[in-house]
Amino acid sequence: MALSVDLTHRRDEPEWLDRTDIDPKELESVLRDLARFNQAFLGHYPLLRWLGKAIRAAPKEAPLTIVDVGCGYGDLLRAIRRWSSQNGFDFNLVGIDLNPVTIRIARAATSAGDRIDFRAMDIFELNPTIQADFIVSSLLTHHLSDDEISEFLRLMEQVARQGWAVCDLQRSRLLYHFIGLSSRAARLHPMITHDGQISVARSLRRAEWTQRIAEAGLSSKDVEIRWFLFRFLIGRLRHAEQTPQIKQ
Ligand SMILES: C[S@@+](CC[C@H](N)C(=O)[O-])C[C@H]1O[C@@H](n2cnc3c(N)ncnc32)[C@H](O)[C@@H]1O
């Protein structure tokens, strides 16, 4: 194991998940294992907590529309549906992913009662097709170049009526090795280990998020950056007084 891995700069190495020629059965088992990984390491907690506070503060004349971009297996949206059922809210839930096979897999993993509208689409085609109150994404931004991340932030700012939040990994040597060890120990699909470590190496540090936010033309006052267990949540609500506080 190369303990001396160099994470000074974002790495530009493709992930297996970004390939277009993946066998659908194998893709399904990787997405299922990624959902297990998310669950075991509280991967959805920062976004669920942010959304919970944002939604409680939001006007609700009509059911809110929440869009998850790069939704993968759809596990975050199903968790949002469970939360909404338990808390007496009704939402329109939309999942978007670039890969049509992933979208088919997410549909098959979701019961009709969850009422999730899954669509195969590139995030950069969001506007003006999608009407959203909140846009969220998990483990998506490290797939994008620096310029694309700034563009994505600008896009969400244009499209999301009430706010948006992204959650992604922190580029950290400790996390890099932890993902390698824990995914092997949990016997997750080898691609989780491979992509997990590349994901860490492609992820941003806090100062880099600050730069992307500035490049997107957003004021640092309006966008919060929160750290939770080697992840950053970057969140923006339209009204500063509604900004939720997530403890570090
Ligand atoms: C690492 S997976 C994360 C899946 C899920 N959000 C999660 O937290 O487990 C990243 C997903 O983003 C999707 N993706 C990458 N680039 C995209 C783009 N430009 N537009 C939409 N989806 C994209 C990929 O197809 C993949 O399913």
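Refer to the structure printed above.
Please read these numbers as outputs of a predicted model, since none were measured by experiment. (Residues numbered from 1 in each chain as written. Predicted model: local features only at pLDDT ≥ 70, side-chain atom pairs only at ≥ 80, totals over all residues.)

Caption draft 1: Just the overall build of the protein chain, in detail. A tally of regular secondary structure across the protein chain gives nine helices and seven strands. Since a compact globule built from 248 residues should have a radius of gyration of about 18 Å, the 17 Å found for the protein chain is in line with a globular shape. Seen through its C-alpha atoms, the protein chain measures out along the principal axes to roughly 55 × 40 × 30 Å. (Helix = DSSP H or I, 4+ residues; strand = E, 2+ residues; numbered from the N terminus. Rg over C-alpha atoms; globule rule 2.2 N^0.38 Å.)

Caption draft 2: Molecular detail of helix α8 (residues 190-202). Between its first and last C-alpha atoms α8 spans 18 Å; for 13 residues at 1.5 Å apiece the expected length is 18 Å, and the two agree. Burial in α8 covers these residues: Ile192, Asp195, Gly196, Gln197, Ile198, Ser199, Val200, Ala201 and Arg202. (Expected span 1.5 Å × (residues − 1). Buried ≥ 20, exposed ≤ 12 C-beta atoms within 10 Å, placed from the backbone.)

Caption draft 3: Layout of the sheet that holds strand β2 (residues 91-97). Strand order in this open sheet of seven strands is β3-β2-β1-β4-β5-β7-β6, and the pairing throughout is mixed. Strand pairing shows two members of the sheet lacking a second neighbour, β3 (116-120) and β6 (223-228), which therefore form its edges. Mean inter-strand twist for the sheet, computed between neighbouring axes without regard to direction, equals 20°. In terms of strand pairing, strand β5 (residues 160-169) meets strand β7 (residues 231-237) through seven bridges, oriented antiparallel. Considered in β7, the bridge of Gly163 is made with Leu237. (Pairing = 2+ DSSP bridges. Axes fitted to C-alpha atoms, helices over the stretch in contact; angles between N-to-C directions.)

Caption draft 4: Quick peek at helix α9 (residues 206-215). When we look at burial in α9, the residues that qualify are Trp209, Arg212 and Ile213. Relative to the axis of α9, the buried residues are bounded by an arc of 100° and lie together on one face. Structurally, α9 contributes buried residues whose contacts are with α6 (146-159), β6 and β7. Where α9 terminates, the next one or two residues include Gly217, which has phi positive at roughly 80°. (Arc of directions from axis to C-beta. Contact = placed C-beta atoms within 7 Å.)

Caption draft 5: Molecular detail of the environment of Asp6. Structurally, Asp6 can be placed in the segment before α1 (24-40). With 127 residues separating them along the chain, Asp6 and Asp133 place their C-alpha atoms 40 Å apart.

Caption draft 6: Representation of the site of the ligand. Around the ligand, the surrounding shell holds 19 residues, and the nearest of these are Gly70, Gly72, Leu98, Ile123 and Ser138. Residue assignment for the shell around the ligand shows that the elements contributing at least two residues are α1 and β2. Of the residues assigned to the shell around the ligand, the class counts are ten nonpolar, seven polar and two charged. (Near = placed C-beta within 6 Å. Nonpolar A, V, L, I, M, F, W, Y, C, P; charged D, E, K, R; others polar.)

Caption draft 7: Region of interest: unusual backbone geometry. Backbone geometry at Leu42 places phi at a positive 55°, although glycine is not the residue there. Note that Leu42 resides in the loop between α1 and α2 (45-57). In this structure Leu42 comes out as partly exposed when scored by C-beta crowding, with 13 C-beta atoms within 10 Å. For Arg115, which is not glycine, the phi torsion reads 50° and is therefore positive. Of the residues examined, Arg115 has 13 C-beta atoms within 10 Å and is grouped as partly exposed.

Caption draft 8: Structural view of the pairing of strand β1 (residues 64-69). Within β1, five of the six residues are buried, which leaves it mostly tucked inside the rest of the structure. Sheet topology note: the β1/β2 ladder contains six bridges and is parallel. Paired with Val69 across the two strands is Ile96, which belongs to β2. Sheet topology note: the β1/strand β4 (residues 132-138) ladder contains three bridges and is parallel. Counted as the bridge partner of Val67 is Ile135 from β4.

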